[in-house]
Amino acid sequence: MASPVTVEQFAIGQSARRLEDPRLLQGFGRYSDDVALPRTAHGVVVRSPHAHARLRSLDAAAARDAPGVLAVLTGADLAADGVGDLPTDAGRKRADGTPAPGTPRPALARERVRHVGDPVAFVVAETATQAADAAALLVVDYGPLAAVAATAEATRPGAARVWEAAADNVAFVWEAGAAAAVTQAFASAAHVTRLDFLVSRVAAAPLEPRAAVGEYDHRTGRYTLHTGVQMPHGVRTLLAEQIFRVPLTAVRVVTADVGGSFGMRNGVYPELVLVLWAARRLGRPVKWTSDRREAFVSDEHGRDNVSTVELALDADGRFRGLRVAITLNVGAYLTPRSAGPGTNNVGGVAGVYTTPAIHVRTTGVYTHTTPTGPYRGAGRPEATYAIERVIDVAARELGIDPVALRRRNLIPASAMPFRTGLVFTYDCGDFARGMELALARADHAGFEKRRVEARRRGALRGLGVANAIEVAGGPYTAVNPDTAALRVNPDGSVVVLAGSTSMGQGNETAFAQIVADRLGVSPDRIQVLWGDSDALGAGRGNGGSGALTVGGSAVARAADKVVERGRRIAAHLLEAAFEDVVLRDGRFTVVGTDRGLAFTAVARAAYQARQLPPDLEPGFGETAVFTPPAVTFPNGCQVCEVEIDEATGALRIVRHTVVDDVGRMVNPMLVKGQIHGGVVQGLGQGLLEVLAYEPGTGQLLSGSFMDYALPRADDVPFFEVDSHEVPTGVNPLGAKGVGEAGTVGALPALMNAVNDALAPLGVRHLDMPLTAERVWRAIQEAR
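What you see is a predicted model, and the numbers here were worked out from it, not measured in a lab.

(A) Quick look at the overall build of the protein chain. From N to C terminus, the protein chain includes 19 helices and 28 strands. Relative to its length of 783 residues, the protein chain is compact, with a C-alpha radius of gyration of 28 Å against a globular reference of 28 Å. Counting only C-alpha atoms and orienting by the principal axes, one finds that the protein chain spans roughly 85 × 70 × 55 Å. The 783 residues of the protein chain split such that 60% are buried.

(B) Quick look at unusual backbone geometry. Looking along the chain, the bond that leaves M416 and enters P417 is cis, with omega of -5°. Despite not being glycine, R39 shows a phi value in the positive range, around 65°. With respect to the element layout, R39 can be found in the loop between α1 (21–25) and β1 (41–47). Located in the positive-phi region is D443, a residue other than glycine, with phi close to 55°. Take D443: it is sitting in the loop between α12 (431–441) and α13 (447–456). Looking at D443, the relative accessible area reads 32%, which means it is partly exposed.

(C) View of the sheet that holds strand β27 (residues 651–661). One open sheet holds the four strands; their spatial order is β18-β26-β27-β28, and the pairing between them is mixed. Looking at the sheet topology across the chains shown, the edges are occupied by β18 (459–469) and β28 (719–723). The sheet shows a mean angle of 10° between the axes of neighbouring strands, taken without regard to direction. Both β18 and strand β26 (residues 635–645) contribute to a ladder of eleven bridges, which runs antiparallel. Counterpart to A466 in the pairing with β26 is Q638.

(D) Here's a closer look at the packing of helix α10 (residues 380–398) against helix α11 (residues 402–409). Between α10 and α11, the shortest axis-to-axis distance is 9 Å and the interhelical angle comes to 115°. Viewed along their axes, α10 and α11 form a crossing whose handedness is right-handed. Where α10 abuts α11, its residues E388, I391, D392, A394 and A395 lie against P402, L405 and R406. Of the residues in the contact of α10 with α11, the class split is five nonpolar, no polar and three charged.

(E) Summary view of the nonpolar core. Of all hydrophobic cores here, the largest spans 100 residues; its most connected members are L322, V349, Y426, L750 and L758. In contact with L758, other than residues within four places in its own chain, are L460, I644, V763, L766, V775 and I779. Of all hydrophobic cores here, the second largest spans 50 residues; its members include V494, A498, A512 and I569.

(F) How the structure looks around the pattern of salt bridges. Counting across every chain of the model gives 54 salt bridges. Between E208 and R265 there is a salt bridge whose closest N-O contact spans 3.6 Å. Of this pair, E208 sits in the loop between β8 (191–202) and β9 (211–217) while R265 sits in the loop between β11 (251–254) and α7 (270–282); the two residues are 57 residues apart in sequence, bridging distant segments of the chain. Classification of R265 by relative accessible area gives buried; the value is 2%. One network of salt bridges, in which partners are shared, links D443, R450, E453, R457, R461, E641, E643 and R652.

(G) Structural view of the packing of helix α17 (residues 668–687) against helix α18 (residues 741–758). Relative to each other, α17 and α18 sit at 40°, their axes nearing to 7 Å. On the basis of the axis angle, α17 is oblique to α18. Once α17 is placed against α18, the crossing between them reads as right-handed. Contacts from I675, G678, V679, Q681, G682, L683, Q685, G686 and L687 in α17 reach G742, T743, A746, L747, L750 and M751 in α18. Here the residues of the contact of α17 with α18 are counted per class, giving eight nonpolar, seven polar and no charged.

(H) Focus on the side chain of R94. Its place among the elements puts R94 in the loop between α3 (75–80) and β4 (112–113). With near-sequence residues (within four places) excluded, R94 lies in contact with P99, A100, P101, A166, D168, V170, A171, F172 and V173.

(I) Representation of the sheet that holds β4. An order of β4-β2-β6 is seen for the three strands of this open sheet, with the pairing classed as antiparallel. Strand pairing shows two members of the sheet lacking a second neighbour, β4 and β6 (139–144), which therefore form its edges. Where strand β2 (residues 53–59) and β6 come together, six bridges link them in antiparallel fashion. By the bridge assignment for β6, L58 is matched with V140.

(J) Focus on the packing of aromatic side chains. Applying the stated criterion to the full structure yields twelve aromatic pairs. Both rings, one in Y223 and one in F244, keep their centres 4.3 Å apart while their planes meet at 25°; by these two values the pair is stacked. In this pair, Y223 is assigned in strand β10 (residues 222–227) and F244 in the loop between α6 (232–243) and β11, connecting sequence segments 21 residues apart. Classification of Y223 as buried rests on a relative accessible area of 3%. Classification of F244 by relative accessible area gives buried; the value is 9%. Aromatic pair F588 and F599: ring centres 6.0 Å apart, planes at 15°, arrangement stacked. Of the two residues, F588 sits in strand β23 (residues 587–590) while F599 sits in helix α16 (residues 599–605), which places them eleven residues apart along the sequence. What makes F599 buried here is its relative accessible area of 4%. Three or more aromatic residues joined by ring pairs form one cluster here, namely F424, Y426, F431 and F633.

(K) Up close: the pairing of strand β19 (residues 482–488). Counting buried positions over the seven residues of β19 gives six, a clear majority of the element. Looking at chain direction, β19 and strand β25 (residues 621–626) are connected through six bridges and run antiparallel. Paired with A485 across the strands is T623, a residue of β25. Taken together, the five bridges between β19 and strand β20 (residues 494–498) define a ladder with antiparallel strand orientation. Among the inter-strand pairings, L486 is bridged to a residue of β20, identified as V496.

(L) Highlighting the side chain of R112. Tracing the chain through its elements places R112 in strand β4. Among buried charged residues, R112 stands out as having no salt bridge; its nearest opposite-charge side chain is E164, 4.1 Å away. Here the side chain of R112 touches H52 through a polar contact of 3.3 Å, side chain to side chain. If near-sequence neighbours (up to four positions away) are discounted, R112 is found in contact with H52, A53, R54, L55, L145 and E164.

Each value, and the rule that gives it
Residues numbered from 1 in each chain as written. Predicted model: local features only at pLDDT ≥ 70, side-chain atom pairs only at ≥ 80, totals over all residues. Heavy atoms only, no water. Helix = DSSP H or I, 4+ residues; strand = E, 2+ residues; numbered from the N terminus. Rg over C-alpha atoms; globule rule 2.2 N^0.38 Å. Buried < 20%, exposed > 50% of the residue type's maximum accessible area, 1.4 Å probe, protein only. Pairing = 2+ DSSP bridges. Axes fitted to C-alpha atoms, helices over the stretch in contact; angles between N-to-C directions. Left-handed = near helix turned anticlockwise from the far one by under 90°. Contact = heavy atoms within 4.5 Å. Nonpolar A, V, L, I, M, F, W, Y, C, P; charged D, E, K, R; others polar. Core = buried A, V, L, I, M, F, W, Y, C linked by side-chain atoms within 4.5 Å. Salt bridge = Lys/Arg side-chain N within 4 Å of Asp/Glu carboxyl O. Parallel < 35°, antiparallel > 145°, perpendicular 65-115°, else oblique. Phe/Tyr/Trp six-rings, centres within 6.5 Å; stacked < 30°, edge-to-face > 60°. Lys, Arg positive; Asp, Glu negative; His and termini not counted. Polar contact = N/O pair within 3.5 Å; in protein donor to acceptor, adjacent residues only side chain to side chain.

Laid out in structure tokens, this is it:
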């Protein structure tokens, strides 16, 4: 049996093992599908097989008569019961300033379907098998219509309309930056590099499929939803205010263990509404669990944009202006999450460079495809890809080494805080040091010898560098700041109620480390809870790499308040001045003396009124709210080295190096785990992944794992990961965030490496995914 972990081994900065792992590895996790309530019925969603069609009629007679069927619910039933539509993004504007066209989205479609997988009916039965059998008996008469799926095709004349109110299929237009200054910079530039590129559409594909269990209590009129979501309090608000139109007290959302999200579990989906509505109608709990094929057409997709980037340089190779035009495919509906990847995080296109004038224009377009939303990085990898890829192309056009061109334009550490040419002001960072560390660890100096040696073997070798920077834990949390509560029990054990949820990244361990470090309590006496909207009045949830920077800071602040309360109690018991009492090593002591009390003794006294100062009520708990005053900027450098078989186009990543500055690390092992996972997701998109639609029909061609390729262990090398800590002053932990850092840099580093390998053949640019066939064709065309 392993020895207990000491407080010192669990302090901030230690690579403590995850507390949650023994429970999860032994099968004791409680995921959404594990929720088993008495008399639970099971639901199956009937979905449109067409990308665009009229709903002529729906015959449910045979389905309703099937064994075990309790209800067959349709869009007409939904409307009759007064259930509201799913939220849309009403704040977006088109180029002329008019509001974005409305995209009403009921949980079950009425009159028209707009993508393959659009829900049209909900069948509820005693068992999931009976519900599935009955769903197959439903007869839906569709009137197929023309469809458009490709991003580049959406705005072309004659393209099928997704919404009548948007004849050009433009959902919104968003701009940022100094357009006039950029125009002037380009007019006076000695050299301009222009690159058209695409970022493919991908699936989040978490280990755990989406699932939900809905309850309705007819005695109290209260809804309870058990489901894995990133932001339980946010989902509660949307369900209460926009869907069911009831007070917040009438809705409870409970999230327990979650097997991955990556941004996808970030809002209200139709199925969440359906299980609650069906539970209300039937008077019993209703469960729905997605299967894998269903997930491909119902889970929000990620990425999918077509862009143009232009870089203006002076005669000395200094960046003078940058212009980016993004066409973002939002899919069939404009959700509150659709525009974010193309608007909230594009400030990262400035990179770590001194470019004085930058302008970005994002055009969101409708297509007959599954709606898109945030996916690990949510616009950050796309922004970094734009700047880092165009730098490599410009370097080759100018005959300058790509690393040298970067060095020439890096923001120096002495310039901090630095206001970029687009949106952001970086508070701290030493970008040059991070890049040099990564280059040294990757043996950049010896690369040309390795390239020559590979060429002798008939292989093409390439090296790509990407300096990544991203925004994390931003001030948008002022709308929903993060909250944490600490309750110290009379025996000195601690319960932490966190407003941040965990999607599997180890928050339970990180939050416990913060508490152990501040209170001197051993980890086996700390319990971390999250995900219940009833437990805390508000909570930020999880997203934007802010669980630790914002949620962890709330935990730290609550712990500090507990310490202050404990000092007051200890000072009273020890008959000492409050200012003279400190907490050190789990003991409240009077400075300069040997007098003191154990933390557990103070905890016990806290619940005995006669032992407390007159102005203190019994109890030993505190609640804290933390809203960051500014964003943080995790950054780093990734170096990818690849080798290509010229005869077959087969690509192998032979080396991948990462040096990241994520601020102060609470747990370096958790940081490495996050970086490893993020890197694999970035490399996976570049190498293999693409959700491909048939152009004329909008049918998803890669709608199962038979056709959609996820990266496997043998697709990637062992990573070399190092850290370069530059703590931020934005939060009390000094942390910057790490959840998306690996993905942001991996994609551009890989793409630069492959294009570097192909460049001697005359290939200027090859888009993702870098399948063997695509690489082979590029080689043949170059010849």
